[in-house]
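Notes for the structure review
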Amino acid sequence: IKFWAVVPAAGVGKRMQSDRPKQYLELAGKTVIEQTLTRLLDAEVFSAIAVAISVEDPYWPELELSRHPQVLTAPGGKERADSVLSALKSLQDRANHDDWVLVHDAARPCITSEDIHKLIATLADDEVGGILALSSHDTLKDVQDNAIVGTLDRRHIWRALTPQMFRYGMLKVALTEAEGNPMITDEASALELKGLKPKIVEGRPDNLKITRPEDLALATFYLEQQAAR
Ligand code: CTP
Ligand code: MG
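Rules of the game
- Numbers given for residues are sequential positions, taken from 1 along each chain in its written order.
- Numbering of ligands from 1 and lettering of chains from A proceed in the order in which they are written.
- Totals for whole chains, interfaces and linings use every residue, but because this is a predicted model, local features are given only for residues with pLDDT of at least 70 and side-chain atom pairs only at 80 or more, for both listing and counting.
- Only hydrogens and water are set aside; all other atoms, that is, all heavy atoms of the structure, feed into the side-chain values.
- Using a 1.4 Å probe on the protein chains alone, a residue whose accessible area is under 20% of its type maximum counts as buried, one over 50% counts as exposed, and one in between counts as partly exposed.
- Numbering of helices and strands runs from the N terminus; a helix is a DSSP stretch of H or I covering at least four residues, while a strand is a stretch of E covering at least two.
- At least two bridges found by DSSP between two strands is the condition for calling them paired.
- For helices, the axis comes from a line fit to the C-alpha atoms of the stretch in contact; other axes are also lines fit to C-alpha atoms, and the angle between any two N-to-C directions lies between 0 and 180 degrees.
- In this analysis, two residues are considered to be in contact whenever any of their non-hydrogen atoms come within 4.5 Å of each other.
- Salt bridge, as applied in this entry: a Lys or Arg side-chain nitrogen positioned within 4 Å of an Asp or Glu carboxyl oxygen.

A separate point is the pairing of strand β4 (residues 49-53). In terms of residue burial, β4 counts as a mostly covered element, since 5 of its 5 residues are buried. Alternating residues of β4 divide into Ile49, Val51 and Ile53 and Ala50 and Ala52, and every residue in both groups is buried. Pairing of strand β1 (residues 3-8) with β4 involves 4 bridges; the strand directions are parallel. Bridging from a neighbouring strand, proline 8 pairs with alanine 52 of β4.

All right, on to the sheet that holds β4 then. Read across the sheet, 7 strands follow the order β5-β4-β1-β6-β10-β7-β11 without closing on themselves; strand pairing throughout is mixed. The open sheet terminates on both sides in strands that have one partner only, identified here as β5 (71-75) and β11 (199-202). Strand after strand, the sheet turns through a mean of 30° between neighbouring axes, direction not considered. Strand direction decides the pairing type here: β1 and strand β6 (residues 100-103), joined by 4 bridges, are parallel. Bridged to tryptophan 4 within β6 is valine 101. The strands touched by helix α2 (residues 80-90) within the sheet are β1, β4, β5, β6 and β10 (158-167), with β1 carrying the most contacts at an inclination of about 145°.

Here we take up the pattern of salt bridges. Considering all chains together, one arrives at 11 salt bridges under this definition. Residues arginine 80 and aspartate 105 are paired through a salt bridge, measuring 2.9 Å at the closest nitrogen-oxygen approach. One end of the pair, arginine 80, is in helix α2; the other, aspartate 105, is in the loop between β6 and α3 (113-123), and 25 residues separate them in sequence. Overall, aspartate 105 belongs to the buried group, its relative accessible area being 8%. A salt bridge links arginine 80 to glutamate 187, with the shortest nitrogen-to-oxygen separation between them at 2.7 Å. Within this pair, whereas arginine 80 is found in helix α2, its partner glutamate 187 is found in helix α5 (residues 187-193), the two being separated by 107 residues in sequence. Note on glutamate 187: relative accessible area 1%, which makes it buried. Among the charged side chains, a network of salt bridges with common partners joins Arg80, Asp105, Arg108 and Glu187.

This is the structure in structure tokens:
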């Protein structure tokens, strides 16, 4: 059984409102995507990393990591799920049906080896796989037309992070069947549609997704804090 990483990196980063996609903004001396890929390489478990890159992306070829022997490039798609499926297909001739794939957002540069290995160790004997997730500290409200109609039971609510770890064959089938469905915003939801039940593994709270401008400062802080441990 081999482990493969798939990194969707073909988004435009609309909410970041910057001059370039957020994965190419600078974070602690490198671009965000270089931080992310370096951490995946440092985990020393992946046979290769397939990165989905937009076909119009001028920044990717400039990075040394784009020529790293363990880093493969696939064309990005319209939605995140399309990009992930494209990267999975690029592994077609190398990956086996039962191999594990860890899908990890390019925009999550604070992922630790600790969390990658925790996910793998917890799920290695599982049939379906699962995801890193965080419990919610805030009370969550069900709202319709600006008015609260209920309070969710927090014990049953988790926030989905990445990596999300599934079997190569099963994930490819699930994403292919779900193509075009706007509700598929992560890999787990594609498997849920098939009636499968991905597991939850508690992740670290510093594994944030860079989404808005203020997240860069927070990620800088987390990286410093991790380096000081
Ligand atoms: N992604 C992708 N292909 C897409 C859309 C998103 O590969 N068509 C990637 C992004 O590059 C990112 C990850 O999926 O690494 C998570 O998506 P998100 O945080 O939403 O990034 P963007 O879509 O780029 O940002 P926004 O939604 O603000 O435009
Ligand atoms: Mg998006």
